[in-house]
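Examining the three-dimensional arrangement
Chain by chain, the residues:
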Amino acid sequence: YDKNQQNLTNICALINSIYIFFNIYWKEANMNNSYIINKNTLLIKSTIDKKGVVIFDDKKTINLDIILHKFINDCCKYYGNSYKGKFESSKIYLNKNIKLPIIISENYELIIFPTNSIRNPNCIWIVYNNIDNIKKLDNKNTIIIFKNGIEFCVNCSYNVINNQINNCARLKCVLIERKRALNV
């Protein structure tokens, strides 16, 4: 009983610390977005002029006046870390340096991956959790079929998308193992 009580006390203290950290960190992020990547997000891409983002959600499309990388970084901060921190974690777990998927939210097990280098203005970020299937259209294009039936064609080869999905699956396994080890 004492051990369980101590564990509950530790968990409560941790939750309070996270809550305080989150509120401070969130305010410091100085976000002006009205949207955060969540379980309903399908993908995020830059607008044609590259000065904003278009977010494809389960039920709607949202346009925001913020560059893609800043939007991704702000969403990372919302969930408790910067893009750089999440990138570094993925780098360690996947032993790779380029086109790394990242765990946006460990709590919700949300993982996103880029179709190209993040420096490429045509990079699209896709939410791994919402993918149902992929189809090869031709050597340079792939159709992503989401769980809600929406299909989206990306200018990226089938092999690259398939490799990214496999990397996301590896990341998810790491996340699940870490949660299991912590009994969360």
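See the structure printed just above.
A short tour of the structure in this document, coming up. The shown structure was predicted, so the numbers you read here are calculated from the model rather than taken from an experiment.

A few points about the nonpolar core
Ranked by size, the top nonpolar core spans 45 residues in total, and within it Ile37, Phe71, Ile72, Trp125, Ile126 and Ile161 carry the most contacts. The residues contacting Ile37, other than those within four sequence positions of it, are Ile44, Phe71, Ile72, Cys75, Tyr79, Ile104, Leu110, Ile112 and Val127.

Quick look at the environment of Ile176
Considering the arrangement of structural elements, one finds Ile176 in helix α4 (residues 158-182). Look at Ile176 and you get partly exposed, because its relative accessible area is 31%. With 70 residues separating them in the primary sequence, Ile176 and Glu106 have C-alpha atoms 9.2 Å apart.

Things to note about the pairing of strand β5 (residues 110-114)
Taken across its five residues, β5 has five buried, putting it largely inside the fold. With burial as the criterion, each face of β5 is covered, one bearing Leu110, Ile112 and Pro114 and the other bearing Ile111 and Phe113. In terms of strand pairing, strand β4 (residues 102-105) meets β5 through three bridges, oriented antiparallel. Following the sheet pairing, Ile102 is matched in β5 by Ile112. In this antiparallel pair of consecutive strands, β4 and β5, the connection spans four residues, and Glu109 shows a positive phi of 55°.

Considering helix α3 (residues 83-94)
For α3, built from 12 residues, the straight-helix expectation of 16 Å at 1.5 Å per residue is met to within 8% by its first-to-last C-alpha distance of 16 Å. Along α3, the residues that are buried comprise Tyr83, Lys86, Phe87, Ser90 and Leu94. Looking down the long axis of α3, one finds its buried residues gathered within 100° of arc, a one-sided arrangement. Along α3, the residues that are exposed and aim more than 90 degrees away from the buried face are Lys84 and Ile92. As for α3, its buried residues are in contact with α2 (68-78), β4, β6 (124-127) and α4. Among the residues trailing α3, Asn95 stands out with phi positive, at a value near 55°.

Parameters and conventions
Throughout, a residue's number is its position along its own chain's written sequence, starting from 1. Confidence filtering applies because this is a predicted model: local features only for residues at pLDDT of at least 70, side-chain atom pairs given and counted only at 80 or more, and all residues used for totals across whole chains, interfaces and linings. The basis for every side-chain value is the complete set of non-hydrogen atoms in the structure, without hydrogens or water. Nonpolar core, defined: a set of buried Ala, Val, Leu, Ile, Met, Phe, Trp, Tyr and Cys residues in which side-chain atoms within 4.5 Å join the residues together. Per-residue accessibility, obtained with a 1.4 Å probe over protein chains only, is compared with the maximum for each type, and a residue is labelled buried under 20%, exposed over 50%, and partly exposed between these values. Should any heavy atoms of two residues lie within 4.5 Å, those residues are counted as being in contact. Segments assigned H or I by DSSP are reported as helices when at least four residues long, segments assigned E as strands when at least two residues long, and all are numbered from the N terminus. In this analysis, strands are considered paired if DSSP registers two or more bridges between them. The span expected for a helix works out to 1.5 Å for each residue beyond the first. The directions considered for the arc run from the helix axis to the C-beta atoms.

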